[in-house]
Amino acid sequence: MESIAAQEERDGVRLSWNVWPSSRLEATRIVVPIGALYTPLKPIANPPPLVYDPIRCNGCGALLNPYCQVDFRTKLWTCPFCLGRNHFPPHYAENITESNLPAELIPQFTTVEYELQTRGAGPPVFLFVVDTCLPESELDSLKDSVQQTLNLLPEDALVGLITFGAHVLVHEIGFGECHKAVAFKGSKDYSAQRVQELLHISNAPRQQAGQPAGQQPQQGGRATAIGKYLMTVGDCSFTVESILEDLGRDPWPAPADQRAARCTGAALAVAVGLLEAAAPRQGARAMLFVGGPPTVGPGMVVDKARSEDMRSHQDIVKGAAPHLKAASAFYARLAERASANAHVVDCFACSLDQVGLYEMRSCVDRTGGVAILGDSFTQSVFKESLRRVFRRHADDAPGPNAGHLVMGFAATLECITSREFKVAGAIGPCAALKTKVKTAYVSETEIGQGGTNSWSIGGVDPSTTIAIYFDVTNSSSEKMPSHKRRYAQFLTSYQHASGRTRLRCTTLCGAWQPDAGDAAPVARSFDQEAAAVLVARVAVHRTETEEVPDILRWVDRSLIRLCAKFADYRKDDASSFRLPHEFSVYPQFVFNLRRSQFLQLFNSSPDEASSPWAARVSTTRSPDENRFGDAADAEGRYT
């Protein structure tokens, strides 16, 4: 466990098995999938970010790392992934010696971070999407929370404001003379192009009325949106606070036998369309604050008439949820658009009723967003949770992170492997970035977000952990040399809160077990905590397409097969059963997984059971209900 803890402290990585079987057949016999839990932004004790661009292999694109073989005489380095030989650039070749190594070649620096010099991403964007169909006390508390949030943002951060009820209002905060907004009909589904045209921020050049035909049309897009609908906190805080102070309940009346007309789906569509034009491929968050279910327009989950009940688990199983399919498909399309632009969708829902998070979960899951469920916006727990989303590094913290927001933006993750194994997929708050042609690192077997070796994470912070699964492809019957090593490299590109683009590189090296008849080295390398999380994520992911009883049977059979493989026992003698200490707690983890709300839906609504990766904070659960999640968080932020 000391070496496992040291690797996590150094690289932010935990592996289910630290010594791997050398063939595909033997890999299937160890039952628990071979995988890694990677925390891209885990604080490390390595040097501060290197203020220069990294050196890549000309053959496979891997970065220079401590496992490269260096020929100091010819100034060449050999990539451990493709075994290709590369020349050092002149400024390296002139100074590199065995006693004068760059940071990325120093053996203990297997994780390094670069601050790229080629481009600056600019300040992050925060677009507040506020529900006005709330009681006066709830709305006043929410407005106060949003105003306090403005004080937590950097002065150069861009902010915007959208409010919605029966209709959607995009507030033009750059117009200071009076409150001005563009209204969208809440019952209509607006395409991205139509939203941008109505806001006059289309990326296509447009001809103004009365403008001479020969004159160059004005350009829309980012330049038009910034200064009109998005402004820096320092320039617009007074205007936004003034709008919030004057903001009242949605004026459209709701009879006693009907729910309020709430167009959450249309509001999100407008927000995503605005961000697509104003901040393409730039760090941005659409922060949705909602206090009830969508009842009109695209993405509605229940009718306005109170005679129609909110869908339950039984309704979903029986196909008796009339709006489920259309709403889920609508939000999935929004999630795809947001993740393609590396934008984040957060959902802060406070209501005694469900709010449709079950249908909206793809927007949060695939963009790296945060979901917070609560009873009321007046609760101190909600306000504290919102404040923690915007936590900062200490002002006296060493290095260039001091005083900046902890969160990162527009993150992507790429995994490069050596030839003997490939990437099967990833499970967590991410979306696959698939290309037309599969790379050599992608396995035919898919687990989770598979078919690729790169993913869009969107929002990322020090607690974000991605589970990456590997597939051993070496099927050779010949014995692998004992000196052979396996290599994996994780490349995480993200926009730092300072506006600079950073690239974190983590390179792993591990051993193979060449002797198929001796499983002892593999057993001794078992990390039962990481294995339990990897198995749990597969089980939860399968709940989207399979029945829970089938998944429970799979979990049970996997545990039985694992014990049969590695336990010591005499047949028909239960008292002789002994598990090695590396496996001693794993059965307890599986037992608690079977009983947890990850797989058991009793006494929980569909909203409460959705988004296992994103719902990091739930203000509705009792301390007893929080025990399993809190313990898992304490073990390593892997829930």
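Sequence order sets the numbering: in each chain, residues are counted from 1 along the sequence as written. For a predicted model such as this one, the threshold for reporting local features is a pLDDT of at least 70, and the threshold for listing and counting side-chain atom pairs is 80 or more; totals across whole chains, interfaces and linings nevertheless cover every residue. Side-chain numbers here rest on the full set of heavy atoms in the structure, without hydrogens or water.

Caption draft 1: Spatial organisation of helix α7 (residues 233-246). Over its 14 residues, α7 extends 19 Å from the first C-alpha to the last, a length consistent with the 20 Å expected when each residue adds 1.5 Å. Note on exposure labels: buried denotes an accessible area under 20% of the residue type's maximum, exposed denotes more than 50%, and partly exposed covers the range between, all computed with a 1.4 Å probe on protein chains only. Think of it this way: any DSSP run of H or I at least four residues long counts as a helix, any run of E at least two long counts as a strand, and we number them from the N terminus. For α7, every residue scored as buried is listed here: V233, C236, T239, V240, I243 and L244. Only heavy atoms matter for contacts: two residues are in contact if any of them lie within 4.5 Å across the pair. Buried residues along α7 sit against α4 (136-152), β9 (158-164), β10 (167-171) and β12 (231-232). For a helix, the expected span equals 1.5 Å multiplied by the number of residues minus one.

Caption draft 2: Inspection of the side chain of S362 at higher detail. Within the secondary structure, S362 is located in helix α11 (residues 357-365). Among the residues examined, S362 registers a relative accessible area of 11% and is labelled buried.

Caption draft 3: Fine view of the state of the cysteines. In this description, the term disulfide denotes a pair of cysteine sulfurs within 2.5 Å. Scanning the model with the defined rule gives zero disulfides in all. Just so you know, C505 is unpaired, no disulfide at all, and the nearest cysteine sulfur is the one on C68, 9.2 Å from it.

Caption draft 4: A look at the packing of aromatic side chains. Each Phe, Tyr or Trp ring, with Trp reduced to its six-membered ring, pairs with another whose centre is within 6.5 Å; inter-plane angles below 30 degrees give stacked pairs, above 60 give edge-to-face pairs, and intermediate values give tilted ones. This structure, assessed with the given rule, holds 25 aromatic pairs. Between W20 and F470, the ring centres sit 5.6 Å apart and the planes meet at 40 degrees, which makes this aromatic pair tilted. Of this pair, W20 sits in strand β2 (residues 19-21) while F470 sits in strand β20 (residues 466-472); the two residues are 450 residues apart in sequence, bridging distant segments of the chain. Just as W20 is buried, F470 falls in that class too. Ring geometry for F421 versus F470: centroids 5.4 Å apart, planes at 90 degrees, classification edge-to-face.

Caption draft 5: Fine view of the side chain of E138. When you line up the elements, E138 lands in helix α4. Counted as positive: Lys and Arg. Counted as negative: Asp and Glu, with His and the chain ends omitted from the count. Each salt bridge in this description consists of a side-chain nitrogen of Lys or Arg and a carboxyl oxygen of Asp or Glu lying within 4 Å of one another. The buried charged residue E138 lacks any salt bridge partner; its closest oppositely charged side chain belongs to K383, at an N-O distance of 9.4 Å. Pairs of N or O atoms within 3.5 Å make up the polar contacts considered here, provided that, within protein, one atom can donate a hydrogen while the other can accept it, and that residues adjacent in sequence are counted only when both atoms are side-chain atoms. For E138, the side chain forms a polar contact with the side chain of S376, separated by 2.4 Å. E138 has contacts with S376, F377 and T378, leaving out every residue within four places of it along the chain.

Caption draft 6: Up close: the nonpolar core. Definition of nonpolar core: a set of buried residues of the types Ala, Val, Leu, Ile, Met, Phe, Trp, Tyr and Cys, connected through side-chain atoms within 4.5 Å. Counting residues in each nonpolar core, the largest one holds 55 residues, and the members touching the most others are V168, F184 and L199. Here the element with the most residues in this core is helix α8 (residues 264-278); it accounts for ten residues. Apart from residues lying up to four places away in sequence, F184 is in contact with H167, V168, V170, Y190, V195, L198, L199 and V270. Among the nonpolar cores identified, the runner-up in size contains 54 residues, and A426, I466, A536 and F583 belong to it.

Caption draft 7: Structural context of the sheet that holds strand β5 (residues 76-78). In short, DSSP must find at least two bridges between two strands for them to pair. Strand order across the open sheet formed by three strands is β4-β5-β6, with antiparallel pairing between neighbours. Looking at which strands have only one partner, the edges of the open sheet turn out to be β4 (69-71) and β6 (85-87). Sheet twist, expressed as the mean angle between neighbouring strand axes with direction ignored, is 25 degrees. Strand direction decides the pairing type here: β4 and β5, joined by three bridges, are antiparallel. The convention used is that axes are lines fitted to C-alpha atoms, helices contributing only their stretch in contact, and that angles between N-to-C directions extend from 0 to 180 degrees.

Caption draft 8: How the structure looks around the sheet that holds strand β17 (residues 421-427). The antiparallel open sheet is built from four strands, whose spatial order is β1-β3-β20-β17. Two strands lie at the open edges of the sheet, namely β1 (13-15) and β17, each paired on one side alone. Geometrically, the sheet is characterised by an average inter-axis angle of 25 degrees between neighbouring strands, direction not taken into account. Strand direction decides the pairing type here: β1 and strand β3 (residues 35-38), joined by three bridges, are antiparallel.

Caption draft 9: The arrangement of the pairing of β9 in detail. Among the seven residues of β9, seven are classified as buried, and the element is accordingly described as predominantly covered. In β9, alternate side chains face the same way, and those of L158, G160, I162 and F164 on one face and V159, L161 and T163 on the other are all buried. Orient the strands so they point away from the viewer; a crossover is then right-handed if the path from the first strand over the helix to the second runs clockwise. Taken together, strand β8 (residues 125-131), α4 and β9 form a β-α-β motif whose crossover is right-handed. Across three bridges, β9 lies against β10 in antiparallel orientation. For F164, the partnering residue across the bridge sits in β10 and is V168. Two successive antiparallel strands, β9 and β10, enclose a turn made up of two residues.

Caption draft 10: View of the pairing of β3. Because side chains alternate across β3, one face comprises the buried residues G35 and L37, and the other comprises A36 and Y38, equally buried. As paired elements, β3 and β20 share four bridges and run antiparallel to each other. What sits directly across from A36, in β20, is I468.

Caption draft 11: Inspection of the pattern of salt bridges at higher detail. Summed over the entire model, instances satisfying the criterion amount to 24 salt bridges. R388 serves as the salt-bridge partner of E384, at 3.2 Å between the closest nitrogen and oxygen. Highlighted residues: E384 and R388, both in helix α12 (residues 380-389), separated by four residues, approximately one helical turn. In this structure E384 comes out as partly exposed when scored by relative accessible area, which is 30%. The class of R388 is exposed, set by a relative accessible area of 52%. A salt bridge links E420 to K484; its shortest N-O distance comes to 3.2 Å. Here the residue E420 occupies a position in the loop between β16 (408-417) and β17, and K484 occupies one in the loop between β20 and β21 (485-495), the gap between them amounting to 64 residues. The exposure class of E420 is buried, given its relative accessible area of 12%.

Caption draft 12: Looking closely at unusual backbone geometry. In this structure, R281 is a non-glycine residue whose phi angle is positive, near 55 degrees. Within the secondary structure layout, R281 lies in the loop between α8 and β13 (284-290). Exposure remark for R281: the relative accessible area of 46% places this residue in the partly exposed category. Not every positive phi belongs to a glycine, and A342 is a case in point at roughly 60 degrees. Position of A342 among the secondary structure elements: in the loop between α10 (324-340) and β14 (343-350).

It is worth stressing that arrangement in space is one thing and function is another; only the former is reported here.
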